[in-house]
Amino acid sequence: MTFQKDFLWASASAAYQIEGAALTNGKGPSIWDIYSHVEGNTFKNTTGDVAIDFYHRFLEDIQLMKEQGLQAYRFSIAWSRVLPTGTGNRNEEGIAFYHTVIDTLLAHGIEPIVTIYHWDLPNALQEAYEGWLGREVVDDFHAYATLLFEEYGSKVNYWVTMNEQNIFTSLGYLQKLHPPKMNDFQAFLRANHHANLANAKTIKTYRAMGFHGKIGPSFAYSPAYAKSCAPEDVLAMEDALELENWFWMDTYVNGAYPILAVRKIEQMGYHIPMMEGDAEILQDSRPDFMGVNYYQTTTIAKEVEASIKPSGNTVQSTAQRPTDTWYRVSDNPYVQKTDWNWMIDPSGLRIALRRITSRYQLPTLISENGLGAYDTLEADGSVHDPYRIAFLKAHIEAMEAAIADGCEVLGYCTWSFQDLFSWLNGYAKRYGFVYVDRDEENERELKRYKKDSFYWYQRVIATNGQER
Ligand code: BGP
């Protein structure tokens, strides 16, 4: 058997993408509640106001998870549901909600994997000190995380500190695709540095509190390929590895920024705003695992002739980046693409796991992997999604090969269990095993339907990955 006995067959989600109840029972607004209401920021101006109404329907969803045999469920806590203004006054109803969700999961035999932060910063902190740009966010994040450990620490064995720090800093501060919609490399470095400090302090505190669960960040890892064996393309790929991958993962694991990335940043005329004492904060915060959100690989060239054709069904960025002079993202003619022009590349998952294992000697948790596709609800309530099954099967096989190569993998979270809100793609880009009957224009009754892939993953879980 390749998959160890306690391997976790799981699925993942995020608060803003499922909960709805945006301002219900004392929840304060997050930056996404504000951002998604500004015309043009999201696809067809969709929001997570209602999302798939997990806030009211969590029991039905958890019962479906139990029916499938799901062993763990990754979800995030909305900071502003627990602390409406990010700091200070607690919202007891919000705190109780997550107790109920965790208790319900446990009662159904499902291990909770809790993400502390999945992009929905309390808007009050954005207003008070510009959110991640304000140094104060480090202590506020740390205090929020400590509160979660106090409340839920005895019941939760897996914690993800931050979801895709590389994505929320890049899309928010460089590519103008997430709040606060900036294109400023120095601001990006600043926000990211604060996130690193918050992450490190949180991991240290979790351990200092005496818990024995596992904690780590989730990194959006798109391993880089060189476009060609021309040395300038290989060097461009090396630069991309430094600035797009090691810049984050080395800092998490080694507790210090990588030498080459820092030099490159200085050569571009920017700097990481280190203050006295920061180096010590970053030290000794090695995570228990590297969370890997894997969707696709990226192909790098010094100069690009063929860039990836933009998909018409999403919000696109046209912002320039200072790194454009060092490397560009190019098309990859060797792989198929999704309807949103994401590369379908199962081998990339194996490569991701191998690179992490050999560079860091750290276990991995695949915290997201899945296919966004259009699905059709048939008149009889069935949804036939062989493309999703084929995608997941190929990635499970790649993961199995990586385990045989020597990688330690704790578990596999598909993205996602239910269909949910996609930040920049509305509701038509579906990822779930469970179809949720709503679209951009109409929430309808949000009824749940099991897709073919629901039953397929049920078999995978029941046989610990042997039947797929
Ligand atoms: C990851 C995020 C998820 C999810 C997923 C799919 O980057 O952590 O929240 O959205 O990507 O992406 P999308 O919804 O853009 O297709």
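In this report, we go over the structure that sits alongside the text. (Residues numbered from 1 in each chain as written. Predicted model: local features only at pLDDT ≥ 70, side-chain atom pairs only at ≥ 80, totals over all residues. Heavy atoms only, no water.)

Position of Gly255 relative to the elements: it lies in the loop between helix H10 (231–254) and helix H11 (259–267). Among the residues examined, Gly255 registers a relative accessible area of 5% and is labelled buried. A sequence separation of 28 residues divides Gly255 from Gln283, and the C-alpha atoms of the two residues are 4.3 Å apart. Discounting residues that sit within four places of it in the chain, Gly255 has contacts with Asp250, Ala279, Leu282 and Gln283. (Helix = DSSP H or I, 4+ residues; strand = E, 2+ residues; numbered from the N terminus. Buried < 20%, exposed > 50% of the residue type's maximum accessible area, 1.4 Å probe, protein only. Contact = heavy atoms within 4.5 Å.)

Further remarks concern the side chain of Ser367. Among the structural elements, Ser367 can be located in strand E12 (residues 364–368). There is a polar contact of 2.8 Å between the side chain of Ser367 and the side chain of Ser218. What Ser367 contacts, discounting residues up to four positions off in sequence, is Ala12, Arg74, Ser218, Gly291, Val292, Asn293 and Cys413. (Polar contact = N/O pair within 3.5 Å; in protein donor to acceptor, adjacent residues only side chain to side chain.)

Around the ligand, a shell composed of 15 residues is seen, among which Gln17, Glu164, Ser422, Lys429 and Tyr431 lie nearest. Here Ser422 contributes a side-chain N or O atom positioned 2.5 Å from an oxygen atom of the ligand. Trp423 places a polar side-chain atom, nitrogen or oxygen, 2.9 Å from an oxygen atom of the ligand. Protein contacts shield 91% of the accessible area of the ligand, which totals 380 Å² for the unbound molecule. Residue classes in the shell around the ligand are distributed as six nonpolar, six polar and three charged. (Near = heavy atom within 4 Å. Areas by Shrake-Rupley, 256 points an atom, 1.4 Å probe, with all protein chains shown as cover. Nonpolar A, V, L, I, M, F, W, Y, C, P; charged D, E, K, R; others polar.)

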